[in-house]
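# What the coordinates show
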Amino acid sequence: MKEYLICSLFWILFVVLLYYLGNAINGGKKSVAHNLITGYMVYSSLIAIAGIVMQLANVPWNLFALYVGVLWCFVLGFSLYKSKKDSISFSPVGIKEYIADNWYLYIVSIILVVILAFYYAGFWLGNHLDDGYYITKVATLPYSEIGNNINYAVGIENTGFNSYIVNTWELEASVYVKVLGVSPTLFLRLFQSAFYYFLFVNLIQTFGEILVEKGILRLKKATIQYGSTIVILLSAYYLYLSNSGMLKLRDMFHLNTGMFLGASVVKLFGVFLFANIYMEYRNKKSLFMIVLSVICVSIVLISKSAISLPVIAIVGSAVLIVWLVFDMEKKGRIIGTIYAILYILIAIVIPNHTAIEETVRGDVLNTVQSYIIVPCLIIFLCSFLLKNELIIRINVITIVSLGFMLLPEINDLFETFSVYGFVAGRAWTAIVYFLIILNTFYLIILLHKIITRENVISILFILSGIVFTVASIWGFRSYGGEILPTNPSKKADLKQCLSVMKNNIYFTPNSTINLGEELENLAEKTQEQLCVVMPKLVSVDGTLHSLAVSIRSFAPDIISASAAERFPVNNGSNLEGYKQETYDAFVANPDDEKAKLFEAEINHIGANCVVLQNSGYDEWMKDMGYCYYSSTSDNSYEIWYKEQ
């Protein structure tokens with residue numbers, strides 16, 4: 001439990017630091033939620049800019065770690081200096097007032113974090129194997145070059161351009177994990193996920209507060225916080241949402257087990273951040289400030305994930321066009337019109353990407369048939385009847401963004417920025433999440449026109465929160481026994497899920513940690529580079545676990561040859577194109593013929609270490625020249641080693 005305490009203290013200090021920075025920048029004139037978001041965006045910008053430059057320059061990891069330490073000192077020093085110089089109070093409100101206006105945000109965050117304890121199957125599978133790259137990168141960056149094109153799951157360098165060179169969230173997290181000396185899976189899957197849940201509900205709160213400041217929501221701040229209720233439903237088990245027809249979006253499992261990922265930040269935060277920029281600066285008529293803000297948000301989003309490019313292209317452009325055309329003088333309208341025309345002309349000239357277009361069309365058709373979307377579209381149309389200028393502007397930004405994404409020919413630029421179909425699909429998901437939450441606030445506005453008593457609205461949303469929580473638990477119980485959408489639905493045993501997490505407190509199987517430690521010990525003892533062949537997928541606690549792509553999170557000095565099928569090698573070595581077919585055949589039904597084929601294969605790729613789940617292979621392994629090294633402490637795996 002020591003690591004739980006360390007991680008808890010770190011994230012509390014980090015949140016306070018971000019809030020203090022935001023409070024200093026905003027001059028003590030904004031809310032706690034607003035200050036937290038401001039501090040996070042400024043801090044993340046400084047991390048992103050330096051991280052991108054350092055990765056491009058391929059500097060040692062220690063230099064970036066030093067930069068992070070200096071940055072913390074600078075942020076603290078700047079906040080203290082600014083607060084003292086301008087006589088800024090640490091908190092713009094009293095504790096009682098803050099609790100009254102924000103208590104529900106903590107309840108929602110706690111609910112989301114507690115429900116994480118049910119999702120061990122998603123964690124064990126590693127977010128459909130994606131964690132083999134991201135978590136392993138966080139765990140191994142301190143031991144490798146930060147700018148090379150490293151295949152982190154396998155443990156070797158690939159050739160060609162590294163498309164992740166501008167993503168820095170893993171680099172940032174690697175510093176915290178290394179300095180704190182904690183398990184990367186615990187830090188990311190539990191604590192960083194909890195932080196992003198909390199940050200997201202505060203971003204929603206900030207959006208609502210701006211609506212109040214602009215006179216659209218004539219409610220107390222204590223009522224605004226209930227706008228985050230819908231997040232409980234959006235974060236329900238993804239197979240429950242999709243199989244029940246409630247909501248069908250791409251990669252909804254990210255809100256269950258991948259909230260810590262940079263892609264989740266882009267999908268949930270991206271559109272809101274651009275919308276907040278527009279609402280904040282539309283009346284200030286400062287082209288410099290709005291362009292600078294768009295650039296800063298874009299840098300932060302790019303540093304989280306490359307899937308941000310299509311979101312930036314369509315939403316950032318929509319914000320600039322609407323602001324110039326509707327909120328500026330004649331000169332601004334001309335510039336905005338020219339920008340829109342140029343955007344459309346470039347999009348028309350660029351070749352169409354049929355496969356991406358079809359992917360998005362399929363995602364859109366799935367989504368519009370969802371039960372949640374129908375009332376959202378009705379509310380969205382009704383919002384025009386409010387005849388509020390800002391609401392209409394926000395709606396126009398949304399419609400223009402959708403037009404850039406969906407209209408034939410015009411969407412070619414969006415498709416070009418997407419590169420892949422799944423990236424375009426995730427951009428559509430980002431728009432839909434924003435639309436759902438936006439219409440939650442519109443619903444509050446419409447309800448307030450019918451029900452003037454705010455306490456009634458509050459009670460309605462609190463009851464909705466209870467219903468959503470019960471529905472989430474029931475939905476997981478009904479659908480949580482299966483992790484793959486292609487398989488039939490199956491019920492989950494809630495007690496068994498909680499028991500598994502209780503016995504594997506680092507949010508990964510203990511057996512994998514034990515195996516990683518044994519392999520590290522062997523690598524240290526032999527002073528050789530271990531090239532390890534092991535099962536790609538194993539059954540642990542009644543579900544699939546992505547062992548081969550996860551092992552380097554706990555054994556950074558080895559090469560996991562078995563991960564090459566999921567994360568292909570392209571460096572011209574013998575691992576290129578490795579599929580591990582003979583290993584699978586040998587361990588499934590061993591005989592002399594299969595053993596010879598297996599031996600030829602592992603000799604070809606230069607493997608000097610083999611991990612087996614069961615005993616009974618001794619004779620064949622010895623004939624291949626391998627010696628038994630050890631079994632893991634829980635007897636889950638045997639390790640065989642051959643001296644080179």
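Residues numbered from 1 in each chain as written. Predicted model: local features only at pLDDT ≥ 70, side-chain atom pairs only at ≥ 80, totals over all residues. Heavy atoms only, no water.

### A short note on the overall build of the protein chain
Across its full length, the protein chain holds 28 helices and nine strands. Over its C-alpha atoms the protein chain spans a radius of gyration of 26 Å, differing by no more than 12% from the 26 Å that the globule rule assigns to 644 residues. In terms of overall dimensions, the protein chain has C-alpha extents of about 80 × 55 × 55 Å along its principal axes. Looking at the 644 residues of the protein chain, the share that counts as buried comes to 59%. For the protein chain, the computed accessible surface area is about 26,000 Å², with 64% contributed by carbon and sulfur atoms. (Helix = DSSP H or I, 4+ residues; strand = E, 2+ residues; numbered from the N terminus. Rg over C-alpha atoms; globule rule 2.2 N^0.38 Å. Buried < 20%, exposed > 50% of the residue type's maximum accessible area, 1.4 Å probe, protein only. Areas by Shrake-Rupley, 256 points an atom, 1.4 Å probe, with all protein chains shown as cover.)

### Comments concerning the pairing of strand E7 (residues 609-612)
By the alternation rule, side chains of E7 split into Cys609 and Val611 and Val610 and Leu612, which are all buried. With two bridges joining them, strand E3 (residues 531-533) and E7 adopt parallel strand pairing. Looking at the pairing, valine 532 lines up with cysteine 609 of E7. As paired elements, E7 and strand E9 (residues 638-641) share four bridges and run antiparallel to each other. The residue of E9 that forms the bridge with cysteine 609 is tyrosine 641. (Pairing = 2+ DSSP bridges.)

### Observations regarding the packing of aromatic side chains
Each aromatic ring pair is described using two quantities: the centre-to-centre distance and the angle formed by the ring planes. Per the stated rule, a full pass over the model turns up 55 aromatic pairs. A ring pair is formed by phenylalanine 586 and tryptophan 620, whose centres lie 6.0 Å apart and whose planes are at 90°; its orientation type is edge-to-face. Taken together, the positions of phenylalanine 586 in helix H26 (residues 581-588) and tryptophan 620 in helix H28 (residues 618-623) put the pair 34 residues apart, joining distant regions of the chain. Per residue, the accessibility class of phenylalanine 586 equals that of tryptophan 620, and both read buried. A cation over an aromatic ring shows up here: arginine 566 above the ring of phenylalanine 567, its NZ or CZ 4.5 Å from the ring centre. (Phe/Tyr/Trp six-rings, centres within 6.5 Å; stacked < 30°, edge-to-face > 60°. Lys NZ or Arg CZ within 6 Å of the ring centre and 35° of its normal.)

### Brief notes about the sheet that holds strand E8 (residues 627-631)
The strand order across the open sheet formed by five strands is E6-E3-E7-E9-E8, and the pairing between neighbours is mixed. Each end of this open sheet is capped by a strand with a single partner; those strands are strand E6 (559-560) and E8. Sitting on the sheet, helix H27 (residues 592-605) touches E3 and E7, and the angle it makes with E3 is about 150°. (Contact = heavy atoms within 4.5 Å. Axes fitted to C-alpha atoms, helices over the stretch in contact; angles between N-to-C directions.)

### Side note on the nonpolar core
Formed by 228 residues in total, the largest nonpolar core has its most connected members in Tyr43, Phe187, Phe200, Phe207, Leu519 and Met621. Counting residues per element, this core draws most heavily on helix H21 (residues 421-450), which supplies 18 residues. The residues contacting phenylalanine 200, other than those within four sequence positions of it, are Val231, Met259, Leu268, Phe269, Phe272 and Ile437. (Core = buried A, V, L, I, M, F, W, Y, C linked by side-chain atoms within 4.5 Å.)

### Some words on the packing of H26 against H27
Here H26 crosses H27 at 145°, and the two axes come no closer than 9 Å. The crossing of H26 and H27 is left-handed. Residues Glu581, Thr582, Tyr583, Ala585 and Phe586 of H26 lie in contact with H27, whose contacting residues are Lys594, Ala595, Leu597, Phe598 and Glu601. Looking at side-chain class alone, the contact of H26 with H27 contains six nonpolar, one polar and three charged residues. (Left-handed = near helix turned anticlockwise from the far one by under 90°. Nonpolar A, V, L, I, M, F, W, Y, C, P; charged D, E, K, R; others polar.)

### Here we look at the state of the cysteines
Applying the stated rule across the entire model yields zero disulfides. Its sulfur unpaired, cysteine 382 is 12 Å from the next cysteine sulfur, which belongs to cysteine 376. (Disulfide = S-S within 2.5 Å.)

### Let's talk about the pattern of salt bridges
Scanning the entire structure with this criterion turns up 15 salt bridges. Across the pair lysine 536 and aspartate 584 runs a salt bridge whose closest N-O atoms are separated by 3.2 Å. Here the residue lysine 536 occupies a position in the loop between E3 and strand E4 (538-540), and aspartate 584 occupies one in helix H26, the gap between them amounting to 48 residues. The exposure class assigned to lysine 536 is partly exposed, which follows from its relative accessible area of 25%. Under the relative-accessibility criterion, aspartate 584 is labelled partly exposed at 29%. Among the charged side chains, a network of salt bridges with common partners joins Lys30, Glu213 and Glu280. (Salt bridge = Lys/Arg side-chain N within 4 Å of Asp/Glu carboxyl O.)

### Re the environment of leucine 377
Mapped onto the elements of the fold, leucine 377 is located in helix H18 (residues 373-383). Look at leucine 377 and you get partly exposed, because its relative accessible area is 39%. With 222 residues separating them along the chain, leucine 377 and glycine 155 place their C-alpha atoms 48 Å apart.

### Details of H21
What sets the pattern is the α-helix's 3.6 residues per turn: residues three or four places apart point alike. Under the 1.5 Å per step criterion, the end-to-end length of H21 is 43 Å for 30 residues, consistent within 8% with the ideal 44 Å. In terms of residue burial, H21 counts as a mostly covered element, since 25 of its 30 residues are buried. (Expected span 1.5 Å × (residues − 1).)

### Thoughts on the side chain of serine 317
Checked against the element boundaries, serine 317 lands in helix H15 (residues 308-327). Overall, serine 317 belongs to the buried group, its relative accessible area being 6%. Within the structure, serine 317 has its side chain in polar contact with the side chain of tyrosine 339 (distance 2.8 Å). Non-local contacts of serine 317, meaning those with residues more than four positions away in its chain, are made with Ile312, Tyr339, Tyr343 and Phe404. (Polar contact = N/O pair within 3.5 Å; in protein donor to acceptor, adjacent residues only side chain to side chain.)

### Let's talk about the packing of helix H1 (residues 2-25) against helix H2 (residues 32-57)
Direction vectors running N to C along H1 and H2 enclose 100°, while the axes themselves pass 7 Å from each other. Accordingly, the angle class assigned to the pair H1 and H2 is roughly perpendicular. Taken together, the residues of H2 that come into contact with H1 (itself represented by Phe14, Val15, Leu18, Tyr19, Leu21, Gly22, Asn23 and Ile25) are Val32, Asn35, Leu36, Thr38, Gly39, Tyr40, Val42 and Tyr43. (Parallel < 35°, antiparallel > 145°, perpendicular 65-115°, else oblique.)

### Details of helix H6 (residues 131-140)
Summarising burial for H6: ten of the ten residues are buried, a large majority. Here H6 has its buried residues at Asp131, Gly132, Tyr133, Tyr134, Ile135, Thr136, Lys137, Val138, Ala139 and Thr140. Among the structural elements, strand E1 (150-151), helix H7 (169-180), helix H8 (184-213) and helix H25 (547-550) are those in contact with the buried residues of H6.

### Some words on unusual backbone geometry
Positive phi, normally seen in glycine, also occurs at serine 87, with a value near 55°. Residue position: serine 87 is located in the loop between helix H3 (61-85) and helix H4 (95-115). In this structure serine 87 comes out as exposed when scored by relative accessible area, which is 66%. Of note, the phi angle at lysine 387 is positive, near 55°, even though the residue is not glycine. Assignment of secondary structure puts lysine 387 in the loop between H18 and helix H19 (389-406).

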